[in-house]
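Structural overview for review
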Amino acid sequence: MTNRTPLVLDVDGTFLKTDMLLECFWAGLGRDPGATLRTAVTRLGDRAALKAELARIAEIRTDLLPVNGGVMAEVETARAEGREVILASASHETLVKRLAADHGLSERVFASDGATNLKGSAKAAALVAAFGEGGFDYGGNEAADRKIWAHAARALVVGDEASAKLLEGQGRPVTRIDGGWRWGGIVKAFRPHQWVKNLLLFVPLLAGHTFLPWAWLVTLLGALAFSLGASAIYVVNDLLDLEADRLHATKRRRPFASGRVPILIGMAAGLAAGLAALVIAALIGLGIFVVLAGYMALSLAYSLRLKRMRWIDIATLAALYTIRVVAGALASGVGISGYLLVFIYPVFIALGSVKRITELTLATSDARLPGRGYGRPDRGDLLNVAVLGMVGALVAFFGYSFTEQAALLYPTRWLLWVALVPIFWWLYRMIRMGWAGRQDYDPIVFALRDKRGIGILLIALSVMLQAAGIWRAWLG
């Protein structure tokens, strides 16, 4: 006998590996932060109205949302049997209807409508009214779905092992489907490979020829604080960029964009990392605490708005790198020359431009980059800015060689001019490889994996150490 029992599926965490309410919240923050935050505060006690208003503000693309492969396999089986597959969700009806249409599911859906939040008992009552007691199979993923499973003929349980065991103990037929998340996804979302950028905190120590163990230890703690603070912002950035990442060739595999880590888990992990960063900075000193707080605030502004503004985004990226050098000076107590900051900033103007050049070179169309203000016709202008940054850095380095501080720290001053050659070589090479599309999407991470580039930088460092007489002091 053919099974004609409809298959009814919850959406958030079941059919989808994400939550459409949180998707709308973060998309809304990216598009209209003020309206989104006002809605979240004023409508928090009315979930149905909250979902309706956020769905209106955000207008997310439901066709890009990540689907649970195990659940989709059940959908295909049900379709082959000629059964109706219906979505029943507490998300707003406009989103649920679009999602059903995206995947060719039944036009009949059950969803929240702005007045009723269709969850738990409310959803169970609606489904029993439509199909009768035991007249449907139901797929869900959390304890709230137990009220619906109690009236279903068969239960599909996604990732909720406790509910699956409870239903089996009641003698109900249960199909388990993998769900949940793993800590490895959180670690990847924190982007620990990006922490190497915080080696910039050690630049004042090297520039000032300071090798006291306590200074390096305190700076190491400062680098840890900046690493955790940066990870918190990376999480925020990824949550704001969900749609743009899903349209990107490689970024669509990121933990939140792919649905490997739930948005709510990411929010909790990001908050914990940010608080830990500020606590560590406060233990080091007020100065680095203020600088880290400013860094995180500027990073948040970058994620919310500045990264979408042409040229402002590159200037902000350069400022964020330069702030790390200032933080290193505050952590260690080593003073830094204004020339050092004037050298560092244009270097990162150049590298920020290289980042955008690389993205445009590797883009598959002339359309503007998702979530950015650049298109392929901007490559020439970006190249000009990169070259200007390189020239500005070299001029600043050359000017520093004539200062009293340089004369004190580098007795063999002419070797500083020799060091300009590998510095120029490295910057030129980075720009050329970005233009040719021979980098990945982050020039800093690329530079730390580029053996030839590292060799060039080591040559420059070796020449500078010779100019300072450090090789002579160390090696006799």
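Shown above is the structure to which this text applies.
Attention here is on the structure that accompanies the text. (Residues numbered from 1 in each chain as written. Predicted model: local features only at pLDDT ≥ 70, side-chain atom pairs only at ≥ 80, totals over all residues. Heavy atoms only, no water.)

A few words now on unusual backbone geometry. Phi angles above zero are rare outside glycine, and His209 is one such case at about 55 degrees. Here Trp311, not a glycine, exhibits a phi torsion of approximately 70 degrees, which is positive. Considering the arrangement of structural elements, one finds Trp311 in the loop between α15 (286–304) and α16 (312–332). (Helix = DSSP H or I, 4+ residues; strand = E, 2+ residues; numbered from the N terminus.)

Turning to the packing of helix α17 (residues 338–362) against helix α18 (residues 379–400), a few remarks are in order. It is the contact of α17 with α18, at a shortest axis distance of 8 Å, that shows an interaxial angle of 160 degrees. When the axis of α17 is compared with that of α18, the two are roughly antiparallel. Where α17 crosses over α18, the handedness of that crossing is left-handed. Of the residues that constitute the contact of α17 with α18, the class distribution is 18 nonpolar, five polar and two charged. (Axes fitted to C-alpha atoms, helices over the stretch in contact; angles between N-to-C directions. Parallel < 35°, antiparallel > 145°, perpendicular 65-115°, else oblique. Left-handed = near helix turned anticlockwise from the far one by under 90°. Nonpolar A, V, L, I, M, F, W, Y, C, P; charged D, E, K, R; others polar.)

What follows is about the environment of Arg191. Structurally, Arg191 is set in the loop between α9 (183–189) and α10 (203–207). Using a relative accessible area of 10% as the deciding quantity, one classes Arg191 as buried. Measuring from C-alpha to C-alpha, the distance between Arg191 and Leu228 comes to 10.0 Å, with 37 residues separating the pair along the chain. Once you skip the residues sitting within four places of it in the chain, Arg191 turns out to touch Tyr234, Asn237, Asp238 and Arg254. (Buried < 20%, exposed > 50% of the residue type's maximum accessible area, 1.4 Å probe, protein only. Contact = heavy atoms within 4.5 Å.)

With that out of the way, let us pick up a positive patch on the surface. Together, Lys17, Lys188, Arg252, Arg253 and Arg260 make up a positively charged patch on the protein surface. As for its placement among the helices and strands, Arg260 is situated in the loop between α13 (255–258) and α14 (263–284). (Patch = residues over 30% accessible without salt bridge, like charges linked within 9 Å, V, L, I, M, F, W, Y side chains within 5 Å. Areas by Shrake-Rupley, 256 points an atom, 1.4 Å probe, with all protein chains shown as cover. Salt bridge = Lys/Arg side-chain N within 4 Å of Asp/Glu carboxyl O. Lys, Arg positive; Asp, Glu negative; His and termini not counted. Charge placed at Lys NZ, Arg CZ, Asp CG, Glu CD.)

We now examine the side chain of Thr18. For Thr18, the position within the fold is in the loop between β1 (7–9) and α1 (20–31). A distance of 2.7 Å separates polar atoms of two side chains, one belonging to Thr18 and the other to Glu23. Discounting residues that sit within four places of it in the chain, Thr18 has contacts with Asp12, Gly13, Glu23, Leu65, Pro66, Arg246 and Ile263. (Polar contact = N/O pair within 3.5 Å; in protein donor to acceptor, adjacent residues only side chain to side chain.)

Let us look at the nonpolar core. In this structure, Phe15, Leu87 and Phe226 are the most contacted members of the largest nonpolar core, which totals 74 residues. Sort the elements by how many residues they give to this core and helix α11 (residues 213–240) lands first, with 13 residues. Within the second largest apolar cluster, 50 residues are counted, among which are Phe343, Leu369, Leu382 and Ala396. (Core = buried A, V, L, I, M, F, W, Y, C linked by side-chain atoms within 4.5 Å.)

Moving on, we come to a nonpolar patch on the surface. A cluster of nonpolar side chains, contributed by Phe398, Phe402, Trp414, Trp417 and Val418, occupies part of the molecular surface with about 510 Å² of accessible area. Looking at which element gives the most residues to the nonpolar patch, the answer is helix α20 (residues 414–435), with three residues. Locating Phe398 in the fold gives a position in helix α18.

Next up on the list: the packing of α16 against α17. At their nearest, the axes of α16 and α17 sit 8 Å apart, and the two run at 140 degrees to each other. Taken together, the axes of α16 and α17 lie oblique to each other. In terms of crossing hand, the pair formed by α16 and α17 is right-handed. Residues Asp313, Ile314, Ala315, Leu317, Ala318, Ala319, Tyr321, Thr322, Val325 and Val326 of α16 form the contact with α17, whose own contacting residues are Leu340, Leu341, Ile344, Tyr345, Phe348, Ile349, Gly352, Ser353, Lys355 and Arg356. Class assignment of the residues belonging to the contact of α16 with α17 gives a composition of 14 nonpolar, three polar and three charged.

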